[in-house]
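The chain contents come next:
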Amino acid sequence: MLADVLPYLACPHCGAGLSLDGQVRCARGHGFDVARQGYVNLLSGKASVSGDSVEMVAARAAFLDAGHYAPIAQAVAAAAATATGCVADLGAGTGHYLAAVLDAGPDRVGLALEIAKPALRRAARAHPRLGAVGCDAWGTLPVRAGAISVALNVFAPRNPAELGRILAPDGVLVVVVPTTGHLAELVGDLGLLSVAPDKVRRIAEQLAPEFEVSTQDVCEFGLALSHADVRSLVGMGPSAWHIGAEAVGERVAALPEPVRTTASVVVTAFRRA
Ligand SMILES: C[S@@+](CC[C@H](N)C(=O)[O-])C[C@H]1O[C@@H](n2cnc3c(N)ncnc32)[C@H](O)[C@@H]1O
Ligand SMILES: [Zn+2]
């Protein structure tokens, strides 16, 4: 709920603390409406992007709710084991991974930071101890300096300077990125966008001024998917835009069922450098 995460938030205009009385408000009088669906938009200006569409978010929710990426959620929760107080997820999507981390610790509250309204609507009801906040990963995050014990970043944009600012000195940043082997069978069969071979190394380099690697684990497992699962999997990622829904449907229909493929990601825990 929003009230639980307010102590960790800051006004996007002036940086002051926030309180809730119908509206979310700062001491200097800046006010922000709470959406009917329970999230608050703390964007300070114009968003740099609109984020995932309604269709992409629905596809992501269907795929994740079916439990296909449960091993990734477990690996994220394990990497976030030291979390106390507030856990923030940048580019949280539907709040799936953040909810898994909150489930693992009854004293934790979660902050889903997202730009896409369809994702914020779902994240707001993903967990009873989760607050969903609209903001732009490329701007100043509406979060108090040093307020966050663990930050999550799962297949999402990251802003090293801001992640460094909001994390406590002993905080942990958990980043999940796909390896080149991720869904490799589908990349070939369906013509999906492939993962650059040096993605994991480049992300460590990108975070290097602020963070250093603490632990790093490959999480790899087989998937046996229905055609509907594969359509969701394609629909939740960037490839759907490139191929087009109709062509995706045709290519998926031609595959033997169940469709077997491999999920392969690297889960890295970073500490402040
Ligand atoms: C590939 S999805 C991953 C979502 C979630 N972490 C998951 O793995 O299920 C990337 C997410 O980042 C969000 N996003 C993209 N650009 C953003 C930005 N500038 N600020 C905040 N969120 C952004 C998208 O709307 C989308 O929900
Ligand atoms: Zn203010």
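In what follows, the structure referred to is the one given above.
Because the structure is predicted, anything quoted here is derived from the model rather than measured.

**Focus on the overall build of the protein**
And then number 1: On a plain count of helices and strands, the protein comes out with eleven helices and eleven strands.
And then number 2: The dimensions of the protein, computed from C-alpha atoms along their principal axes, are 60 × 40 × 35 Å.
And then number 3: Buried positions account for 51% of the 273 residues belonging to the protein.
And then number 4: At a minimum sequence separation of 6, the contacts of the protein that also span at least 24 residues come to 67%.
And then number 5: For the protein, the exposed surface amounts to about 11,900 Å²; the carbon and sulfur share of it is 52%.

**Concerning the sheet that holds strand 7 (residues 130–134)**
And then number 1: Here eight strands make up an open sheet; going across it, the order is 4-7-6-5-8-9-11-10 and the pairing mixed. Pairing within the sheet leaves two strands with one partner each, and these edge strands are strand 4 (40–41) and strand 10 (211–225).
And then number 2: Relative to strand 8 (residues 148–154), strand 5 (residues 86–90) is paired through four bridges, and the arrangement is parallel. Opposite Asp 89, over in strand 8, you have Leu 152 as the bridge partner.

**Considering the site of ligand 1**
And then number 1: Not every one of the 20 residues close to ligand 1 is listed here, only the nearest: Gly 91, Glu 114, Asp 136, Ala 137 and Val 154.
And then number 2: A distance of 2.3 Å separates an oxygen atom of ligand 1 from a polar side-chain atom of Glu 114.
And then number 3: Ala 137 places a polar main-chain atom, nitrogen or oxygen, 2.8 Å from a nitrogen atom of ligand 1.
And then number 4: Relative to its unbound accessible surface of 600 Å², ligand 1 loses 91% to contact with the protein.
And then number 5: Taken together, the residues of the shell around ligand 1 sort by class into twelve nonpolar, four polar and four charged.

**A short note on the coordination of the zinc ion (ligand 2)**
Tetrahedral coordination by four donors puts the ideal angle at the metal at 109.5 degrees, and octahedral coordination by six puts it at 90 or 180 degrees.
And then number 1: Here the zinc ion (ligand 2) is held by the protein donor atoms Cys 11 (SG), Cys 14 (SG), Cys 26 (SG) and His 30 (ND1), which lie 2.1 to 2.3 Å from it.
And then number 2: The sequence motif formed by the donor residues of the zinc ion (ligand 2) is C-x2-C-x11-C-x3-H. Highlighted residues: Cys 14 in the loop between helix 1 (2–5) and strand 1 (18–21) and His 30 in the loop between strand 2 (23–26) and strand 3 (31–32), separated in sequence by 16 residues.
And then number 3: For Cys 14, a relative accessible area of 24% gives the class partly exposed.

**Concerning the sheet that holds strand 1**
And then number 1: The strand order across the open sheet built from three strands is 1-2-3, with neighbouring strands paired in antiparallel fashion. Two strands bound the open sheet, and with one partner strand each, they are strand 1 and strand 3.
And then number 2: With two bridges connecting them, strand 2 and strand 3 associate as antiparallel partners. Looking at strand 3, one finds that Val 24 is bridged to Phe 32.

Procedures and definitions
Residues numbered from 1 in each chain as written. Chains lettered and ligands numbered in written order. Predicted model: local features only at pLDDT ≥ 70, side-chain atom pairs only at ≥ 80, totals over all residues. Heavy atoms only, no water. Helix = DSSP H or I, 4+ residues; strand = E, 2+ residues; numbered from the N terminus. Buried < 20%, exposed > 50% of the residue type's maximum accessible area, 1.4 Å probe, protein only. Contact = heavy atoms within 4.5 Å. Areas by Shrake-Rupley, 256 points an atom, 1.4 Å probe, with all protein chains shown as cover. Pairing = 2+ DSSP bridges. Near = heavy atom within 4 Å. Polar contact = N/O pair within 3.5 Å; in protein donor to acceptor, adjacent residues only side chain to side chain. Nonpolar A, V, L, I, M, F, W, Y, C, P; charged D, E, K, R; others polar. Donors = N, O, S within 2.8 Å, 3.2 Å for Na, K, Ca; no water.

Honestly, it's all geometry; don't read function into it.
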